[in-house]
Amino acid sequence: MSKAAAAKGGSGPAAPAHPSSTQGVPPHDGVPRHVAIIMDGNGRWAKQRHLPRFAGHKRGVEAVRAIVQACGERGIAYLTLFAFSSENWRRPAEEVALLMQLFQAALASEAEKLHANKVRLKVVGDLERFDAKIRHAILQAENLTAANQALTLTIAANYGGRWDLLQAFNRLLKDGKTEVGEKDLAARLAMSYAPEPDLFIRTGGEQRVSNFLLWQLAYTELYFTETLWPDFDAAALDEAIASYRQRERRFGRTSEQVAQSKRAEVA
Ligand code: IPE
Ligand code: IPE
Ligand code: MG
C-alpha cells in the first residue's frame, strides 16, 4: 500500500458510489431509483386454489418477469428481489429442493432474455450453500450481463441482513480496521454498488422486514400490500409508486426545511 493510501485509511474496497441517507440527503424524486421487494404470499396463493405450494412459486417467477419489465419501463434503475432468505432453509426439505430447481431453471431460461433487455443481473447472499451447478449458472449470468446499464436486477438468495452485516464486519477485520465509519462498512456490504432503496414493498400482508436489507432500509419508504406475490402486477406496482410519491421524505428535517430545499432546487 502507498503512503497516501495508508494515510487515507488503508486497504479495502473503494468508498461506496452512492450517498448515505444518514450522512446527507440522497437525491430523490417521484420515480424511486431503487425498489426492494419481499415477494411474499406464493404459498397462500396456491393454497387458495387447492394447489401445491410449488404452483405458487412457479407463478411467482412469472410475476418476477412482469415486474422486471415494468420497472425497466418506468425508469427504475435498481430492483432488488428477496427470493430466498437465510431462514428459508428451515422449510420442509422437499419445498427447499423444489425452490432450488426453480431458481436453477429460471437462471437458465432468463439470462439471455435479461441480457437482450440490457438488464444487469446480480445475485447477493451466502452462495456457498448452493450447489456448484447453481453457483456456476449465477456466475455465467452475472458475467454475461455485467456491462448492461438499463436496470440492475439483484436477486437476494440465501440472503440475510445479519449475514450481510457480519460478512462486512469480518472483511473489515481482515483489512485490519480497528475503527470504522459508515463508508467503510457500506463499501463491504453485498450491495455496495447500489444506492439505498427508496421504496420497500412487501406483498402478502405481513408487516415485517424478515431480515432483509437491515442497514440500507434506514430511510426507505415502506409499503405493505395484502396482494399475494403471484398477483402483483404492473398496476399494483403503480399503486405502490403512487403511495411513494405522496410521502414527504424528511430524512430527519422539518417539513419547512423540506419545502425550503425544494424551492432552492427550482430556483
Ligand atoms: C414467498 O412466498 C417465497 C419464498 C419465501 C421463497 P411464501 O412461500 O413465503 O408464501 P406464504 O407466505 O407461505 O404464502
Ligand atoms: C421472506 O418471506 C423471505 C422471502 C420472501 C424470500 P418469508 O415468508 O420467509 O417470511 P416470514 O417467515 O413470514 O417472516
Ligand atoms: Mg411467506
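Residues numbered from 1 in each chain as written. Chains lettered and ligands numbered in written order. Predicted model: local features only at pLDDT ≥ 70, side-chain atom pairs only at ≥ 80, totals over all residues. Heavy atoms only, no water.

## Regarding the overall build of the protein chain
Here is step 1: Helices and strands together make up the secondary structure of the protein chain, namely nine helices and six strands.
Here is step 2: For a compact globule of 267 residues, the expected C-alpha radius of gyration is about 18 Å, and the protein chain comes in at 19 Å, within 12% of that figure.
Here is step 3: Counted over contacts in the protein chain with a minimum sequence separation of 6, partners at least 24 positions apart contribute 76%.
Here is step 4: By element, 51% of the accessible surface of the protein chain is carried by carbon and sulfur atoms, the whole surface being about 14,400 Å². (Helix = DSSP H or I, 4+ residues; strand = E, 2+ residues; numbered from the N terminus. Rg over C-alpha atoms; globule rule 2.2 N^0.38 Å. Contact = heavy atoms within 4.5 Å. Areas by Shrake-Rupley, 256 points an atom, 1.4 Å probe, with all protein chains shown as cover.)

## Some points on the site of ligand 2
Here is step 1: The immediate surroundings of ligand 2 are formed by I38, M39, D40, F82, A83, F84, S85, N88, R91, R202, R208 and S210.
Here is step 2: Measuring from an oxygen atom of ligand 2, one finds a side-chain N or O atom of D40 at 3.1 Å.
Here is step 3: With four residues, strand β2 (residues 78-85) is the single largest residue contributor to the shell around ligand 2.
Here is step 4: Partitioned by chemical class, the residues of the shell around ligand 2 number five nonpolar, three polar and four charged. (Near = heavy atom within 4 Å. Polar contact = N/O pair within 3.5 Å; in protein donor to acceptor, adjacent residues only side chain to side chain. Nonpolar A, V, L, I, M, F, W, Y, C, P; charged D, E, K, R; others polar.)

## Comments concerning the sheet that holds strand β3 (residues 119-124)
Within a beta sheet, neighbouring strands are joined by backbone hydrogen bonds and run either parallel or antiparallel to one another.
Here is step 1: On the basis of which strands lie adjacent, the open sheet formed by six strands has the order β3-β4-β2-β1-β5-β6 and parallel pairing. The open sheet has two edge strands, β3 and β6 (221-224), and neither has a second partner. Sheet twist, expressed as the average angle between the axes of neighbouring strands with direction ignored, equals 20°.
Here is step 2: One ladder, built from six bridges, connects β3 with strand β4 (residues 151-159); its direction is parallel. Counterpart to R120 in the pairing with β4 is T152.
Here is step 3: Contacts from helix α8 (residues 234-246) reach β5 (199-202) and β6 within the one sheet, and its direction differs from that of β5 by about 135°. (Pairing = 2+ DSSP bridges. Axes fitted to C-alpha atoms, helices over the stretch in contact; angles between N-to-C directions.)

## Some words on the site of ligand 1
Here is step 1: All residues in the neighbourhood of ligand 1 are listed as M39, D40, G41, N42, G43, R44, R53, H57, A83, N88, R91 and L99.
Here is step 2: Taking N42, its main chain carries an N or O atom lying 3.1 Å from an oxygen atom of ligand 1.
Here is step 3: Contacts to ligand 1 include R53, whose side-chain N or O atom sits 2.8 Å from an oxygen atom.
Here is step 4: The fraction of the free accessible surface of ligand 1 (380 Å²) that becomes covered by protein chains is 86%.
Here is step 5: For the shell around ligand 1, the secondary-structure elements that each account for two or more residues are α2 (42-48) and α3 (53-73).
Here is step 6: When residues of the shell around ligand 1 are assigned to their parent elements, the largest contribution, three residues, is made by α2.

## Let's talk about the nonpolar core
Here is step 1: Residues I37, L79, F103, L153 and I201 are the most contacted members of the largest nonpolar core, which totals 43 residues.
Here is step 2: Considering each element in turn, this core owes the most residues, seven residues, to helix α4 (residues 93-116).
Here is step 3: Beyond its immediate stretch of four places on either side in the chain, L153 contacts V68, L79, L81, L114, V119, R120, L121 and K122. (Core = buried A, V, L, I, M, F, W, Y, C linked by side-chain atoms within 4.5 Å. Buried < 20%, exposed > 50% of the residue type's maximum accessible area, 1.4 Å probe, protein only.)

## Regarding helix α9 (residues 255-266)
Residues lying three or four places apart along an α-helix face the same way, a consequence of the helix completing one turn every 3.6 residues.
Here is step 1: Its twelve residues give α9 an end-to-end C-alpha distance of 17 Å, which sits within 8% of 16 Å, the value for a rise of 1.5 Å per residue.
Here is step 2: Within α9, only one of the twelve residues are buried, leaving the element largely exposed. (Expected span 1.5 Å × (residues − 1).)

## Looking at α4
Here is step 1: Given a rise of 1.5 Å per residue, 24 residues ought to cover 34 Å, and the 35 Å separating the end C-alpha atoms of α4 matches this to within 8%.
Here is step 2: At E110, α4 is bent by approximately 45°, the largest bend along its length.
Here is step 3: Taken together, the buried positions of α4 are E95, V96, L99, M100, L102, F103, A106, L107, E110, A111 and L114. (Bend = angle between axes of the 7 residues up to and from the residue.)

## Observations concerning the confidence of the model for the protein chain
Here is step 1: Chain-level pLDDT for the protein chain is 95 on average; 96% of the residues reach the 70-or-more range.
Here is step 2: Below a pLDDT of 50 lies the segment residues 1-9, which in the model reaches five contacts outside its immediate sequence neighbourhood of four places, other chains included. (pLDDT = per-residue confidence, 0-100.)

## Regarding the packing of α4 against helix α5 (residues 132-145)
Here is step 1: Across the interface, α4 lies against α5 with an axial gap of 10 Å and an inter-helix angle of 15°. Between α4 and α5, the angle is such that the two are roughly parallel. Where α4 crosses over α5, the handedness of that crossing is left-handed. Seen from α4, the contacting residues are M100, F103, Q104, L107, A111, E112 and H115; seen from α5, they are K133, I134, A137, I138, A141, L144 and T145. (Parallel < 35°, antiparallel > 145°, perpendicular 65-115°, else oblique. Left-handed = near helix turned anticlockwise from the far one by under 90°.)

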